[in-house]
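Each chain, written out:
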Amino acid sequence: MKTFSLLLASIGLSMTCFAQKPTIKWGEEFKLHKGSSDLEVISVDKSGAYLQESHQALKSYFVVGATMRESASLIKVDKNLTEVFRNDFNKELKGKEFEQFFPFGDKLFLISSDYSRRDKTKAVYASGVNKSTGELTGEFKEVAIFQKEEKRDDIDFKITYNADSTKIILVSSIKGKERNEYAVQEFDKNFKKIGKPIVLTNEFEAKKYQLQDLLYLGNNKILLVGRVYEYEEGKKKKAKFLDFTNYNIRLYDEKGKQQAEINTTVNGKWLNSTKVVQEKNKDLVLAAFYSNTKKGKTIDGLLVQRININDGTVLSTSDKAINNSLLTADNDDDDKDDDDKDEDKEERKERERLNKLKDEGEGFSRYMQFRNIFYTPDNGLVILAEQYKEYVTVSQNTSSAGAGAIMGGGSTTTTYHYNSGDLMMCKIDAGGNIGWLEILPKDQREVISMTSASSGMGMGFGGLGLGLSYSYTGYFDEGNMPFYSGFGAMQIDGNIQVIFNDSPKNAGVTQAGQKTKKIIRYAKSDCYLLNIDAVSGKLGRKQFFSNADVPTAMPRLGSIINNEMYLIGKTDRVFGKTKLAVAKITVK
C-alpha cells in the first residue's frame, strides 16, 4: 500500500509564535467489524477520506474445513468525519485475493489477483470504484498474468507510479530463478496497457541482490537501485551469512538495455543508505550517507550528486562530514538506564537475549534512512532522514500434553522490533552545496508481537528457542508497521512541517547532543509539531495534543489534500474493545 505524507499546520520560526493556527477534530469512535485487524487512510479528496479496514474472508469451504483469504472493506467519511458508506466487496471478489486499493488522480481502483495451481499462473485484475457510492464501476479486467517455471517460485509485483506520479506502472519479478529479472509495464489512467513490458536483467545471483528502488523516469528510462550482498564467515563454526557490501545503481534505456552504471565508491567512500529522486522534468539527485571504510559501522558523512538523466553522467558532487557525536547514543546495551521506568522485566530480559545473539552473529550497521526530499523555490532541496533499524526475533515454545501423551503442541511468537532514532534535516542549494544541517534527537521504540499456535506428533518436553534476523525493507515489501513511531512531513509556504509522537519529557529537545527520554508506550506520549525553515534551517517545536486524551495517533500513516490532513488514532486495550477514531487537522 502506498503511504502518503501528512499535512501539518504551518508553524512560525519560534517555539511560541505560529503564523497559522492548526486545529484538530476527532470523529466518533469507529467500531471494527468482527475479524478486522487494522484501519488506515488510503486516499483523500475534496469530499472526504477513504479508509481501508483489513480483515479475513472465506475463500472456499470443504466438509472438513475452510480456507481464508486476505480482504478489506472500503469506508468513506465526509469532511465532518461521518461515515458515508462501507463496502467489503466479498461478493464481487468471488474468491479472488484482495491486493490493494490504488488511487490515481481522481480515480480509485480495486486490485485483486487469482492463482491457478493447474497452470502455475497468477493473474492480476483491476476495477474502478465509484467514489460516491463505493460500488464497482464495472467487471474486473485482467491487467497482467505471470507464469511460474517451478512450483516453488514466488511472484512479486507492485503497482505504483512513475517518478512524477503522472503514470501507472506495474513492476514484477519471479523469485526462485538463479538470476534477477524485472519487468516494467506502463498503463494509462484507465489501466489500459501502453506498449510492451520492459524487461531488465543483471548478472548478480538472486540471493546476493535486493532491489531497493526503481524509478520510471520522465523520458521513459528506468533507474534501478540495488543492494549487493556477499557471504561472510560467522563467529560460530560453519556459520555463514549474507552481508551488505555496496549499492549498485544502473540506468536503462526505454528498451531495457543498460546505459550507465553510477559509481558508488566515490572518493573511496562506501554508501550505506541511498535515495535517488528526479527533479521536476530535470536531472536526477542522489543523496547518500557514507562510511570512510567498507565495513564501517558508523556514518561519516553525507554525499549529494546531480546526475544527467539522459546518459547517467555525474554533473556535480558535494559532501559534508558528519560528526557521529551529534547522533544520540544507542542505549541497547545500557543495562543501567535507571531513568527508564517504562521497560519491564520481560522487555529487559528480551533485550539481554537479543544483545547476546548480536554478539554471537552478524553485526548491526547503524544506517540512516532517507524519508523525504522536498524541492525549494530557490531550486534547492531539503532532505529529511531518520536513524532507523528493524529486526525480527522468533521464539518457539513447545509444551507437553501430559505425562505419556503422544500429542504435543506449542506456539511460535514472531516479534518485530522498530527503532526510529534521530531526525536529520539538510539543505542542498542549487549548486549542489550543503547549506545547513540540523539534527533533532529522538528515541522511538516500537515492538509488535504475533503468536501462532502449532501442534505435532510426539512427546513434548517444553523448551524455548530464539532466533534473530536483521530486516531490510526491499522494493516489493509492503506493510504498515511500525504504527506509532517514525514521523510524517509536508511542505507549506516555504516551511517543512513534521509531526511525531514523543515523550513529554522531551518537549524542550531541539538541538543535537541533548539527552532524550526513550519512548515505548505511545498511549502516554504527546504528539508534537516541528517547523523547519527551508532557508535558514531554524527549528520550532510545539506540543499539538496528548495521546492520553485521544486514541493514539499514527502520524506516519496519514493522508493529505490542500490544507487538511486525515489520520487514524488507535489504542488497543487489554480488557475491552479497541479505541479507534479518525481525526482531521485543518490549517486556518
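Computed from a prediction, not measured in an experiment: that's the story for all the values here. (Residues numbered from 1 in each chain as written. Predicted model: local features only at pLDDT ≥ 70, side-chain atom pairs only at ≥ 80, totals over all residues. Heavy atoms only, no water.)

Engineer: What should I look at first to understand the overall build of the chain in this one?
Structural biologist: Scanning the chain from terminus to terminus reveals 2 helices and 34 strands. The buried share among the 588 residues of the chain stands at 53%. For the chain, the exposed surface amounts to about 28100 Å²; the carbon and sulfur share of it is 49%. (Helix = DSSP H or I, 4+ residues; strand = E, 2+ residues; numbered from the N terminus. Buried < 20%, exposed > 50% of the residue type's maximum accessible area, 1.4 Å probe, protein only. Areas by Shrake-Rupley, 256 points an atom, 1.4 Å probe, with all protein chains shown as cover.)

Engineer: I'm lost on the sheet that holds strand S11 (residues 168–175) in this one. Help?
Structural biologist: What the 4 strands build is an open sheet, ordered S10-S11-S12-S13; its pairing is antiparallel. Across the chains shown, the open sheet's two edge strands, defined by having one partner strand only, are strand S10 (154–161) and strand S13 (193–205). The sheet shows a mean angle of 20° between the axes of neighbouring strands, direction not considered. Sheet topology note: the S11/strand S12 (residues 179–187) ladder contains 6 bridges and is antiparallel. Bridging across to S12, Ile-168 finds its partner in Phe-187. (Pairing = 2+ DSSP bridges. Axes fitted to C-alpha atoms, helices over the stretch in contact; angles between N-to-C directions.)

Engineer: Would you mind showing me how to read the nonpolar core here?
Structural biologist: The tendency in soluble globular proteins is for nonpolar side chains to be buried as a group. Within the largest apolar cluster, 23 residues are counted, with the highest numbers of intra-cluster contacts made by Phe-30, Leu-39, Leu-51, Tyr-566, Ile-568 and Val-582. Those elements that place two or more of their residues in this core are strand S2 (36–45), strand S3 (48–62), strand S4 (65–78), strand S33 (564–571) and strand S34 (579–587). A per-element tally of this core places S2 first, with 3 residues. Dropping the residues within four chain positions of it, Phe-30 is found in contact with Leu-39, Leu-51, Ile-75, Val-77, Glu-83, Arg-86, Leu-580, Ala-581 and Val-582. Within the second largest apolar cluster, 21 residues are counted, among which are Ile-249, Ile-262, Val-266 and Ile-307. (Core = buried A, V, L, I, M, F, W, Y, C linked by side-chain atoms within 4.5 Å. Contact = heavy atoms within 4.5 Å.)

Engineer: Before we go on, may I ask you to explain the packing of aromatic side chains in this structure?
Structural biologist: Geometry of an aromatic ring pair is reported as the spacing of the ring centres plus the angle between the planes. In this structure the tally under the stated criterion is 19 aromatic pairs. Between Tyr-475 and Phe-476, the ring centres sit 5.2 Å apart and the planes meet at 85°, which makes this aromatic pair edge-to-face. Each member of the pair, Tyr-475 as well as Phe-476, carries the same accessibility label: buried. The cationic tip of Lys-96 hangs over the ring face of Tyr-125; the distance from NZ or CZ to the ring centre is 5.0 Å. A cation sits over an aromatic face here: Arg-371 above Tyr-388, 4.6 Å from the ring centre. (Phe/Tyr/Trp six-rings, centres within 6.5 Å; stacked < 30°, edge-to-face > 60°. Lys NZ or Arg CZ within 6 Å of the ring centre and 35° of its normal.)

Engineer: Help me understand the sheet that holds strand S30 (residues 526–533), please; the structure alone is not making it clear to me.
Structural biologist: Hydrogen bonding along the main chain pairs the strands of a sheet, whether they run parallel or antiparallel. Strand order in this open sheet of 4 strands is S28-S29-S30-S31, and the pairing throughout is antiparallel. Two strands close off the open sheet at either side, each with one partner strand: strand S28 (488–492) and strand S31 (539–546). On average, each strand axis in the sheet is inclined to that of its neighbour by 25°, with strand direction left out of account.

Engineer: Could you clarify how one ought to interpret the pattern of salt bridges in this entry?
Structural biologist: Side chains bearing opposite charge may pair, as long as their charged atoms lie close to each other. Evaluation of the coordinates by the stated rule reveals 14 salt bridges. The partner of Lys-208 in a salt bridge is Glu-205, and the shortest N-O contact between them spans 3.8 Å. For Lys-208, a relative accessible area of 16% gives the class buried. Of the residues examined, Glu-205 reaches a relative accessible area of 40% and is grouped as partly exposed. As a salt-bridge pair, Glu-386 and Arg-371 come within 3.0 Å of each other at their nearest N and O atoms. Here Glu-386, found in strand S23 (residues 381–399), pairs with Arg-371, found in strand S22 (residues 368–375); they are 15 residues apart in sequence, far enough to count as distant. (Salt bridge = Lys/Arg side-chain N within 4 Å of Asp/Glu carboxyl O.)

Engineer: I tried to follow the environment of Pro-441 on my own but got confused; where do I start?
Structural biologist: Relative to the assigned elements, Pro-441 resides in the loop between strand S25 (434–440) and strand S26 (444–457). Owing to a relative accessible area of 1%, Pro-441 belongs among the buried residues under this scheme. Along the chain, Pro-441 and Gly-513 lie 72 residues apart, while their C-alpha atoms are 7.3 Å from each other.

Engineer: Would you mind going over the side chain of Ser-525 with me for this structure?
Structural biologist: Residue position: Ser-525 is located in the loop between strand S29 (495–502) and S30. With relative accessibility at 0%, the residue Ser-525 sits in the buried group. Here Tyr-522 takes part through its backbone oxygen, which lies 2.7 Å from a polar atom of the side chain of Ser-525. Among the polar contacts made by the side chain of Ser-525, one reaches the side chain of Asn-547 at a distance of 2.9 Å. Those residues in contact with Ser-525 that lie beyond four places of it in its chain are Asn-501, Asp-502, Pro-504, Ile-519, Ser-546, Asn-547 and Ala-548. (Polar contact = N/O pair within 3.5 Å; in protein donor to acceptor, adjacent residues only side chain to side chain.)

Engineer: Looking at this structure, I do not really get the confidence of the model for the chain. What am I missing?
Structural biologist: Averaged over every residue, the pLDDT of the chain is 79; the share at 70 or more is 77%. The model gives residues 1–18 a pLDDT under 50, and that stretch makes 80 contacts with residues more than four places away or in other chains. Every residue in residues 331–339 scores below 50 in pLDDT, and together they form 15 contacts with partners more than four places removed in sequence or on other chains. (pLDDT = per-residue confidence, 0-100.)

Engineer: Any chance you could explain the environment of Ser-291 here in plain terms?
Structural biologist: Examined against the element boundaries, Ser-291 turns out to sit in strand S19 (residues 284–291). A relative accessible area of 2% places Ser-291 in the buried class. In this structure the C-alpha to C-alpha distance between Ser-291 and Ala-321, which are 30 residues apart in sequence, comes to 9.8 Å.

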